[in-house]
Amino acid sequence: MSDIKVVEKPGPFTEEEKKLVNVPSDTFVTERDKDKPLVLETRHLGIDFGGLTAVDEFNIGIGATEITGLIGPNGAGKTTVFNLLTKVYEPTRGSILLNGVDTHGMNPASVNQAGIARTFQNIRLFDKLTVEENVKIGLHNRTDYGMFTGIFRLPKYWKEEKKSHEIALELLDIFGMADQADVRADSLPYGAQRRLEIVRALATDPKILLLDEPAAGMNPSETEELMKNIAKIRDTFGIAVMLIEHDMKLVMGICEVIAVLNFGKIIAKGTPSEIRSNPQVIEAYLGSKKDE
Ligand SMILES: Nc1ncnc2c1ncn2[C@@H]1O[C@H](COP(=O)(O)OP(=O)(O)O)[C@@H](O)[C@H]1O
Ligand SMILES: [Mg+2]
């Protein structure tokens, strides 16, 4: 560890400070992703709010098509991690690499363009706009539709005409929402609004999708459906998903790797079964009923 430089102040960083270093490899990825670059890697990531260290020594490496869970008690720093990754907050320490590229100096818009999309713990939609218009706002972020055209095998004329309309409908269809395209966002039931947020994030063509408590407020059957859809998104687009979630059935059911955060630090990382049986995790989190 001695040759690792921990940056103690926020940027701007010198070239020397931006140089990449090897970290002791506590990163593991799935077999299928092992020869691909990590989609996201953080090194010594941390942030202080005044005297409060909200996140510290957050080191994680996420495989290209991995579904990762971030769990931990309320106030542990989970949303703050997402705010760091998406540049809502500038880190106090450490670095974030997206496909090997340091996102230092990027803002929320440029980091989204570079491939990180998210949803929020509290729904943020354009209420007065229709479902389709909300998705088109996501699509607007993109410069071309090449990837979607390929995946959906869109006829060639769609590339010329009506392409954003057709792509919006295809994306909505993943969640069975294409027939609600013309409905105003604020007239959707709560669960559907949460799904629309995911579609909108997906429309920005991310390499990694960050979902902050996607099942919050959903009933068990909606949560079940959501689980299937998250896996479907990953399988369809071949992207990574990182989710914060209190619903243990969802987390344990779809995540391949789980990181447990407590007081801003990762206290355990592993497969769902490793996490479930980790005594430290049980004490910090799983044992406390109120967060389950
Ligand atoms: N902008 C901020 N200013 C000051 N403190 C903050 C800010 N954002 C988050 N915090 C604090 O950081 C800690 C972690 O919060 P958060 O990331 O929202 O937790 P979680 O999502 O795990 O419930 C909390 O103590 C919270 O009050
Ligand atoms: Mg939170």
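Residues numbered from 1 in each chain as written. Chains lettered and ligands numbered in written order. Predicted model: local features only at pLDDT ≥ 70, side-chain atom pairs only at ≥ 80, totals over all residues. Heavy atoms only, no water.

Some words on the site of ligand 1
For step 1, the next point in the chain: Close contacts around ligand 1 come from Phe49, Leu52, Ala54, Pro73, Asn74, Gly75, Ala76, Gly77, Lys78, Thr79, Thr80 and Tyr89, and that covers them all.
For step 2, the next point in the chain: Gly77 places a polar main-chain atom, nitrogen or oxygen, 2.9 Å from an oxygen atom of ligand 1.
For step 3, the next point in the chain: Between ligand 1 and Thr79 there is a distance of 2.9 Å, counted from an oxygen atom to a side-chain nitrogen or oxygen.
For step 4, the next point in the chain: The fraction of the free accessible surface of ligand 1 (570 Å²) that becomes covered by protein chains is 63%.
For step 5, the next point in the chain: Residue composition of the shell around ligand 1, by class: six nonpolar, five polar and one charged. (Near = heavy atom within 4 Å. Polar contact = N/O pair within 3.5 Å; in protein donor to acceptor, adjacent residues only side chain to side chain. Areas by Shrake-Rupley, 256 points an atom, 1.4 Å probe, with all protein chains shown as cover. Nonpolar A, V, L, I, M, F, W, Y, C, P; charged D, E, K, R; others polar.)

Quick notes on the sheet that holds strand β7 (residues 208-212)
For step 1, the next point in the chain: With respect to topology, six strands assemble into an open sheet ordered β6-β7-β8-β3-β9-β10, the strand pairing being mixed. Single-partner strands in this sheet number two, and they are β6 (116-118) and β10 (265-270). Within the sheet, the average angular offset between the axes of one strand and its neighbour, ignoring direction, is 20°.
For step 2, the next point in the chain: Sheet topology places strand β3 (residues 67-71) next to strand β8 (residues 240-244); four bridges connect them, and they run parallel. Residue Gly69 lies in a different strand from β8, and its bridge partner there is Leu243.
For step 3, the next point in the chain: Sitting on the sheet, helix α2 (residues 78-85) is in contact with β3, β6, β7, β8 and β9 (257-262), with an inclination near 145° to β8. (Pairing = 2+ DSSP bridges. Helix = DSSP H or I, 4+ residues; strand = E, 2+ residues; numbered from the N terminus. Axes fitted to C-alpha atoms, helices over the stretch in contact; angles between N-to-C directions. Contact = heavy atoms within 4.5 Å.)

What to know about the coordination of the magnesium ion (ligand 2)
For step 1, the next point in the chain: Taken together, Thr79 (OG1) and Gln121 (OE1) make up the protein donors of the magnesium ion (ligand 2), found 2.0 to 2.4 Å from the metal. In this pair, Thr79 is assigned in helix α2 and Gln121 in the loop between β6 and α4 (131-140), connecting sequence segments 42 residues apart.
For step 2, the next point in the chain: Taking the relative accessible area as the measure of exposure, Thr79 reaches 25% and is therefore partly exposed. (Donors = N, O, S within 2.8 Å, 3.2 Å for Na, K, Ca; no water. Buried < 20%, exposed > 50% of the residue type's maximum accessible area, 1.4 Å probe, protein only.)

Thoughts on the packing of α4 against helix α8 (residues 190-202)
For step 1, the next point in the chain: In the contact formed by α4 and α8, the axes pass within 7 Å of each other and the chain directions differ by 35°. Considering the relative orientation of α4 and α8, their crossing is right-handed. Counted together, Val131, Asn134, Val135 and Gly138 of α4 and Leu196, Val199 and Arg200 of α8 form the full contact between these two elements.
For step 2, the next point in the chain: A per-class count over the contact of α4 with α8 returns four nonpolar, two polar and one charged. (Left-handed = near helix turned anticlockwise from the far one by under 90°.)

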